[in-house]
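This is what each chain is made of:
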Amino acid sequence: MSSALTPRERMKLDRQKMPEQDPAARARNFAEVNLGFPEQMALIEAERCLQCKDPRCIKGCPVKVNIPRFIELMTEGNIAAAAQSLLDDNALPGVTGRVCPQETQCEIECIRGNKGMPVGIGYLERYVADWARNHRDQLATSKAPPTGRRVVVVGSGPSGLTAAGELARLGHDVTVYEALHKPGGVLVYGIPEFRLPKKIVEQEVERLQAAGVKIECNVVVGRTYTLQELREQFDAVFIANGAGLPVFMNVPGENLKGVYSANEYLTRVNLMAAYEFPRADTPVLVGRRVAVVGGGNVAMDAVRTARRLGAEQALILYRRTKTEMPARVEEIHHAEEEGIHFEFLTAPVEVLGNEKRWVRGLKCVRMKLGEPDASGRARPEPIPGSEFIVDCDVVVVAIGTRANPLLTSTCPELKLNRHGNIVVDEQGMTSLPGVFAGGDIVRGAATVILAMGDGKRAARAIDTWLAAQPRPTPSAG
Amino acid sequence: MHRVVHRRQLSPNVTLLEVEAARIAQIRRPGQFVIVRLGGNAERIPLTIADAHPAAGTITLVIQAVGKSTRELVALQPGQAIQDIAGPLGHPTEQIDAGHAVCVGGGVGTAVVHPIAQGLHRKGVNVTSIIGGRSREWVIFEPELRALGDVIVCTDDGSYGRKGFVTDALKDLLTTVGADIVYAVGPVPMMRAVANLTRPLQVRTIVSLNPVMVDGTGMCGGCRVSVGAETRFACVDGPEFDGHLVDFDELMDRLGTYREFEQRAAQCADGPCRIGLAAPTAA
Ligand SMILES: Cc1cc2nc3c(=O)[nH]c(=O)nc-3n(C[C@H](O)[C@H](O)[C@H](O)COP(=O)(O)OP(=O)(O)OC[C@H]3O[C@@H](n4cnc5c(N)ncnc54)[C@H](O)[C@@H]3O)c2cc1C
Ligand SMILES: Cc1cc2nc3c(=O)[nH]c(=O)nc-3n(C[C@H](O)[C@H](O)[C@H](O)COP(=O)(O)OP(=O)(O)OC[C@H]3O[C@@H](n4cnc5c(N)ncnc54)[C@H](O)[C@@H]3O)c2cc1C
Ligand code: SF4
Ligand code: SF4
Ligand code: FES
């Protein structure tokens, strides 16, 4: 314990403000908004942690990162040990440090939030992770001896990548099958560059490959291989194919030219780099007035993308009010700074087109908040006779995603719930022995950290399960 | 990487490429397609699997050069490679087990009809193919289809086979011989005309739709088409549908999304944009 500060001195330190790109400039580029702490600021922020005996912050974290521990190691000047500690708990801290809803998880529990601002746990996590990515050689890697068991992971989103890394560390021979041409799942096709640089995901993927994980892209499980074939060829399966099926509004005019699902819009821009069109080959309609329907992170990413592509006006239409928006507070705040408009208590009832069937506007109805619904949020109800028209030439529908049935429909033995999500037990095992699942395909659209937590838990459960299985032939290893 | 092992020019703008894709060659079935991506920042392009050689581990793609991506693909020479090929995607063709099937192919659609005819022929179904092109040099896959049954060739200018559209030949055939099922693949107006012809005759008609696609896995919804009262995703629910239920006008219109975009972009480039869509920002 080298740190010399007294608790009183710590309490005097103000939360360090994340350096950001200027709003006017960043509203027109795709570079990351948050610039990251310089060392000095990171160390001051780390000193703000009181090293609580009973750290509440840990309880708020879905994967129970030992937060005071890595922060303490930082204050001791041992950043390598801090990184080691963090990476033991969290396989992708460079990702979670950027996209976790910290304000409702670890930071909301932080004792320093009682009086003033909580410790910037996410910012510190990001700082340590970025250091670690650039200093791989200074980190020890432990790897169990080969077990001779082969495990296949379906999908390379955060859940699949985390499971693959953990399984490889436990000595298993791991293959990841990914349907798209680039690994990363939502981290590469959904979450935009300005929030999560693709370079970070690429480096994480390279690290896994260096650790022996084989990643094969362009393999669509359910088509290229059936789940049954995978069960025959591998000793265990982990399914983490996400919740990628876009939900549409089911209103007239939704198939007019200029209406996108958020998945299509973001995929064109992120995965296919349409923002570089015509230097990249995939186009995207830019639009002068882009209306994004929805109030979550996905809607926020889409509307901020529209702004960056050059839309004169980019607006959010949300059927409740700002208080009920599920998007992260930081994202809403950033969006406001970037000149995004918000229409609250607004629900589209029809997409209007011109004579050439291009979108020209959205007919909307005003809503009022009624009694709380099952989720505890006030239920929006339409106000009769309140129709009005929002002019726009591109509409992006960001009202949610569901389980994509491509894989599950080809394997009827796999037990699903009524939403089409795979049902698993406490170990993460599905109704098929040796087949595990986790992430959004089990939970429905959730968060990166929950998907990662599932991946890690399933990897350990797979390890235990495999250890209990007799080996088919002695030469199998 | 998927090496091109063979290349053949079939008509002035249609090229056949045989490329390595061992797994797909083994398991593909008629009616399925792949998504290919040349590399770098290239687009994902859906292409039907026209044929497969499981022993050689190759599939055959027949590509009409219409835009940048397809032009780059057809320029590939043997030895060069395609970076990504995903598949086989979509549902295999619904096939009949006996009787008479008519396969109608227009332009590059003839290559798509070929594996369907092949599959039917293997099952012992009696196959008649009606294929067409602008003029003689645009007619493709005639010898391959002749090996599977009768072939009626139509050209717009009469330079080869019958003069006129494939629908004229189909009409004659339906009124004389009749058919248990019709498969039609080609330009949207052709498929619409075929469906309009067979609907009153109540001859089951399967069409293969070609909306703009991105992922091909049901993730983006860009390929949505209206079939009956329902919205379907062509990449996972199709690409083949009951031609009598398809909203061809909507499909045709949606296919124009980026065509108009490019024209508009060109217009917008030399002045203030009056039409509502700004030019893409040159990042
Ligand atoms: C735009 C957007 C913004 C978001 N922002 C945040 C945020 O700020 N913070 C946060 O915590 N969460 C956020 N989320 C949610 C978060 O990204 C997801 O909860 C998380 O990615 C789920 O991880 P996963 O590994 O289960 O699935 P995914 O990330 O969806 O990965 C699934 C992978 O499986 C592949 N796949 C699918 N089917 C097959 C198949 N049949 N065969 C092979 N591969 C297949 C897919 O191509 C994909 O790569 C956001 C989501 C979106 C869409
Ligand atoms: C399931 C499926 C199977 C297909 N099979 C074949 C095949 O076997 N052989 C073949 O040559 N083509 C096939 N196509 C069409 C092919 O994918 C398109 O021609 C190609 O994507 C155009 O890309 P491009 O960059 O060259 O042209 P772009 O520059 O993108 O477009 C050039 C012109 O073609 C139009 N266009 C764009 N996308 C499509 C499309 N999907 N269909 C028709 N026109 C389009 C544009 O509006 C524009 O006018 C298939 C399409 C689908 C959906
Ligand atoms: S993983 Fe997320 S919730 Fe957990 S400590 Fe890190 S930022 Fe907080
Ligand atoms: S609750 Fe806050 S102050 Fe206490 S250990 Fe956690 S981060 Fe530090
Ligand atoms: S191409 Fe994206 S859903 Fe069909």
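In this convention, every chain numbers its residues from 1, walking through the sequence in written order. Following the order in which they are written, the chains are lettered starting with A and the ligands numbered starting with 1. This being a predicted model, a pLDDT of at least 70 is required before a residue's local features are given, and a value of 80 or more before pairs of side-chain atoms are given or counted; all residues contribute to the totals for chains, interfaces and linings. Hydrogens and waters are ignored; side-chain quantities use all the structure's heavy atoms.

Q: Mind showing me how you'd approach the overall build of chain A here?
A: Helix and strand labels come from DSSP, where a helix needs a run of H or I of at least four residues and a strand needs a run of E of at least two; each type is numbered from the N terminus. For chain A, the helix and strand inventory stands at 19 helices and 16 strands. Counting every position in chain A, which comprises 477 residues, the buried fraction comes to 58%. Only the protein chains shown count as cover for residues, with accessible areas throughout obtained via the Shrake-Rupley method and a probe of 1.4 Å. Accessible area for chain A stands at about 19300 Å²; split by element, carbon and sulfur atoms hold 53% of it. Counting rule for charge: Lys and Arg are taken as positive, Asp and Glu as negative, and neither His nor the chain ends is counted. By convention, the point assigned to a charge is CZ for Arg, NZ for Lys, CD for Glu and CG for Asp. The distance from the centre of the 59 positive side-chain charges to the centre of the 57 negative ones in chain A is 2 Å. Burial classes: relative accessible area under 20% of the type maximum marks a residue as buried, over 50% as exposed, and values in between as partly exposed (1.4 Å probe, protein chains only).

Q: I keep staring at the state of the cysteines and nothing clicks. Help me out?
A: By definition, a disulfide links the sulfur atoms of two cysteines through a covalent bond. The disulfide criterion is simple: two cysteine sulfur atoms within 2.5 Å. The final tally for this structure, using the stated rule, is zero disulfides over all chains. With no disulfide of its own, Cys217 of chain A lies closest to Cys220 of chain B among cysteine sulfurs, the gap being 18 Å.

Q: Looking at this model, I keep getting lost on the sheet that holds strand S14 (residues 394–397) of chain A. Mind explaining?
A: Whether parallel or antiparallel, the strands of a sheet pair through hydrogen bonds between backbone atoms. All names here are of chain A. Two strands are counted as paired when DSSP detects at least two bridges linking them. Read from one edge to the other, the open sheet built from five strands follows the order S6-S14-S7-S8-S9, with strand pairing classed as parallel. Both outer strands of the open sheet, strand S6 (259–261) and strand S9 (341–343), are each paired with one neighbouring strand and no more. Going from strand to strand, the sheet's axes swing by 25° on average, the running direction of each strand aside. Across four bridges, the pairing between strand S7 (residues 289–293) and S14 is parallel. Residue pairing in the sheet places Val292 in a bridge with Val396 of S14. Strand contacts of helix H15 (residues 297–309): S7, strand S8 (313–317), S9 and S14, with the helix running at about 165° to S8, the strand carrying the most contacts. Each axis is a line fitted through C-alpha atoms, and for a helix only the stretch in contact is used; angles between axes span 0 to 180 degrees, taken between their N-to-C directions. Contacts were defined at the residue level, with two residues in contact if any of their heavy atoms lie within 4.5 Å.

Q: Sorry, what's going on with a nonpolar patch on the surface here?
A: Residues and elements named next belong to chain A. Two joining distances apply to patches: 9 Å for like charges and 5 Å for nonpolar side chains (Val, Leu, Ile, Met, Phe, Trp, Tyr), and every residue must have over 30% relative accessible area and no salt bridge. Every case where a carboxyl oxygen of Asp or Glu lies within 4 Å of a side-chain nitrogen of Lys or Arg is listed as a salt bridge. Together, Met11, Leu50 and Ile111 make up an exposed nonpolar region whose accessible area comes to about 210 Å². Checked against the element boundaries, Leu50 lands in the loop between helix H3 (39–47) and helix H4 (56–60). For Leu50, a relative accessible area of 31% translates into the label partly exposed.

Q: Honestly, the site of ligand 2 in this entry has me stumped. Any pointers?
A: All names here are of chain B. The full set close to ligand 2 counts 23 residues, and Pro46, Val62, Gln64, Thr70 and Leu255 are the nearest of them. In the environment of ligand 2, an oxygen atom lies 3.1 Å from a nitrogen or oxygen atom belonging to the side chain of Glu43. In the model, an oxygen atom of ligand 2 is placed 2.7 Å from a nitrogen or oxygen of the Gln64 main chain. Computed on the free molecule, ligand 2 has an accessible area of 860 Å², of which 85% lies beneath the protein chains in the complex. For the shell around ligand 2, the elements supplying multiple residues, two or more each, are strand S4 (45–48), strand S6 (58–64) and helix H2 (68–74). Nearness of a residue to a molecule or strand requires only that one of the residue's heavy atoms be within 4 Å of it. For this analysis, a polar contact is any N or O atom pair within 3.5 Å, provided that within protein one partner can donate a hydrogen and the other can accept it, and provided that sequence-adjacent residues contribute only side-chain to side-chain pairs.

Q: What exactly am I supposed to notice about the packing of aromatic side chains here?
A: Within a pair of aromatic rings, the relevant descriptors are the distance that separates the centres and the angle that separates the planes. Any two rings among Phe, Tyr and Trp, with Trp reduced to its six-membered ring, count as a pair given centres within 6.5 Å; such a pair is stacked if its planes are under 30 degrees apart, edge-to-face if over 60, and tilted if neither. In the structure shown here, the tally under the stated rule is eight aromatic pairs over all chains. Judged by centre distance (6.3 Å) and plane angle (50°), the ring pair of Phe30 of chain A and Phe194 of chain A falls under tilted. A residue pair is termed long-range when its members are at least 10 positions apart, and Phe30 of chain A in the loop between helix H2 (23–26) and H3 and Phe194 of chain A in the loop between helix H11 (186–189) and helix H12 (198–210) qualify at 164 residues. For Phe194 of chain A, a relative accessible area of 1% puts it in the buried group. When the ring of Phe248 of chain A is compared with that of Phe233 of chain B, the centres are 6.3 Å apart and the planes differ by 85°; the resulting orientation is edge-to-face. Of this pair, Phe248 of chain A sits in the loop between strand S5 (245–246) and S6 while Phe233 of chain B sits in strand S16 (residues 230–233), which puts the two residues in different chains. According to the relative accessible area criterion, Phe248 of chain A is buried, its value standing at 13%. Judged by its relative accessible area of 9%, Phe233 of chain B falls in the buried class. Between the NZ or CZ atom of Arg308 of chain A and the centre of the ring of Phe194 of chain A, over which it lies, the distance is 3.7 Å. Across from the ring centre of Trp138 of chain B, 3.9 Å away, lies the NZ or CZ of Arg134 of chain B, which sits over that ring. Our definition puts a charge over a ring when NZ of Lys or CZ of Arg is within 6 Å of the ring centre and also within 35 degrees of the ring normal.

Q: Sorry if this is basic, but what is going on with empty space enclosed by the protein here?
A: Unoccupied space between atoms shows up once a probe the size of one water molecule is rolled over them. A pocket here means an open set of points on a 1 Å grid, computed over the protein atoms alone, that has protein on both sides within 12 Å along at least five of seven lines. A cavity is instead a set of points where a 1.4 Å probe fits but cannot get out; residues with an atom within 4 Å of a point line either one. Grid points are joined across faces, edges and corners, and a volume is the space filled by probe spheres set on the points. The final tally for this structure, using the stated rule, is eight cavities of 30 Å³ or more. What the largest cavity holds in volume is close to 150 Å³. Along its surface, the largest cavity is lined by 17 residues, and Glu264 of chain A together with Gly222, Arg254, Thr257 and Tyr258 of chain B are the ones closest to its centre. Only S6 and helix H14 (262–269) of chain A together with helix H8 (248–255) and helix H9 (257–269) of chain B provide two or more residues apiece to the lining of the largest cavity. Sorting elements by how many residues they give to the lining of the largest cavity places H8 of chain B first, with three residues. The classification used treats Ala, Val, Leu, Ile, Met, Phe, Trp, Tyr, Cys and Pro as nonpolar, Asp, Glu, Lys and Arg as charged, and all other residues, Gly among them, as polar. Its residues assigned to classes, the lining of the largest cavity shows nine nonpolar, three polar and five charged.

Q: How do you make sense of helix H16 (residues 329–337) of chain A when you look at a structure like this?
A: Residues separated by three or four positions in an α-helix point in the same direction, a consequence of the helix having 3.6 residues per turn. All names here are of chain A. Within the sequence span of H16, burial applies to Glu330, Glu331, Ile332, His334 and Ala335. Among the structural elements, H2, helix H9 (121–134), H15 and S9 are those in contact with the buried residues of H16. One or two positions beyond H16, positive phi appears at Gly339, with a value near 85°.

Q: How should I be thinking about the sheet that holds strand S11 (residues 150–155) of chain B in this particular structure?
A: Residue and element names in this part refer to chain B. Strand order in this open sheet of seven strands is S12-S11-S10-S9-S13-S14-S17, and the pairing throughout is mixed. Looking at strand neighbours, the two that pair on one side only are strand S12 (162–163) and strand S17 (240–242), the edges of this open sheet. As paired strands, strand S10 (residues 126–133) and S11 are joined by six bridges and run parallel to one another. Each residue of the ladder has a partner; that of Thr128, found in S11, is Asp150.

Q: For this particular structure, what's the right way to read the site of ligand 1?
A: Residue and element names in this part refer to chain A. Near ligand 1 there are 32 residues, and of these Val99, Glu178, Arg195, Val221 and Asp440 occur at the shortest range. Contact distances for ligand 1 include 3.4 Å between an oxygen atom and a backbone N or O atom of Gly185. Against a free-state accessible area of 1000 Å², the protein chains account for coverage of 94% of ligand 1. Mapped by element, the contributors of at least two residues to the shell around ligand 1 are helix H10 (158–169), H15 and helix H19 (448–467). It is H15 that provides the largest number of residues to the shell around ligand 1, a total of three residues. Class assignment for the residues of the shell around ligand 1 results in 17 nonpolar, 11 polar and four charged.

Q: Just checking my understanding: could you explain the interface of chain B and chain A for this structure?
A: Interfaces are frequently sized by the accessible area removed from exposure as the parts join. Across the boundary between the two partners, chain B contributes 50 residues, which contact 49 residues of chain A. We define buried area as the total accessible area lost by two parts upon association, computed with a 1.4 Å probe and summed across both. Taken over both partners, the interface formed by chain B and chain A buries close to 4300 Å², and the fraction arising from carbon and sulfur atoms is 53%. For the interface between chain B and chain A, the tally reads four salt bridges. Arg23 of chain B is paired through a salt bridge with Glu229 of chain A; the nearest N and O atoms lie 2.8 Å apart. For the interface between chain B and chain A, the tally reads 22 residue pairs in polar contact (both at pLDDT 80 or more). Counting only elements with at least two residues in the side of chain B that touches chain A, the list comes to helix H1 (22–27), H2, strand S8 (84–89), strand S15 (224–227), S16, H8 and H9 of chain B. Here the element with the most residues in the side of chain B that touches chain A is S8 of chain B; it accounts for six residues. Looking at the side of chain B that touches chain A residue by residue, the class counts come to 20 nonpolar, 16 polar and 14 charged.

Q: Looking at this model, I keep getting lost on the packing of helix H5 (residues 67–75) of chain A against helix H6 (residues 79–89) of chain A. Mind explaining?
A: Two measures define how a pair of helices packs: the angle their axes make with one another and the distance between the axes. Residue and element names in this part refer to chain A. Running from N to C, H5 and H6 cross one another at 170°; their axes reach a closest spacing of 7 Å. When the axes of H5 and H6 are compared, the pair comes out roughly antiparallel. Judged by residue contacts, Arg69, Phe70, Leu73 and Met74 of H5 engage Ile79, Ala81, Ala82, Ser85 and Leu86 from H6. Residues belonging to the contact of H5 with H6 are distributed by class as follows: seven nonpolar, one polar and one charged. In this scheme, roughly parallel covers angles under 35 degrees and roughly antiparallel covers those over 145, while 65 to 115 is roughly perpendicular and the rest are oblique.

Q: It is not clear to me how the nonpolar core should be interpreted in this structure. Could you clarify?
A: Within soluble globular proteins, side chains that are nonpolar generally end up buried alongside one another. Take the buried residues of types Ala, Val, Leu, Ile, Met, Phe, Trp, Tyr and Cys, join any two whose side-chain atoms come within 4.5 Å, and each joined set is a nonpolar core. If you look at the biggest cluster of nonpolar residues, it comprises 45 residues, and the most contacted ones within it are Val95, Val213, Phe238, Phe436 and Ile462 of chain A. Among the elements that line this core, the one with the most residues is H19 of chain A, at nine residues. Ignoring sequence-local partners within four residues, the contact set of Val95 of chain A consists of Leu187, Leu196, Ile200 and Val448 of chain A. Counting 40 residues, the second-largest nonpolar core is a separate cluster that includes Leu245 of chain A together with Leu174, Val207 and Val227 of chain B.

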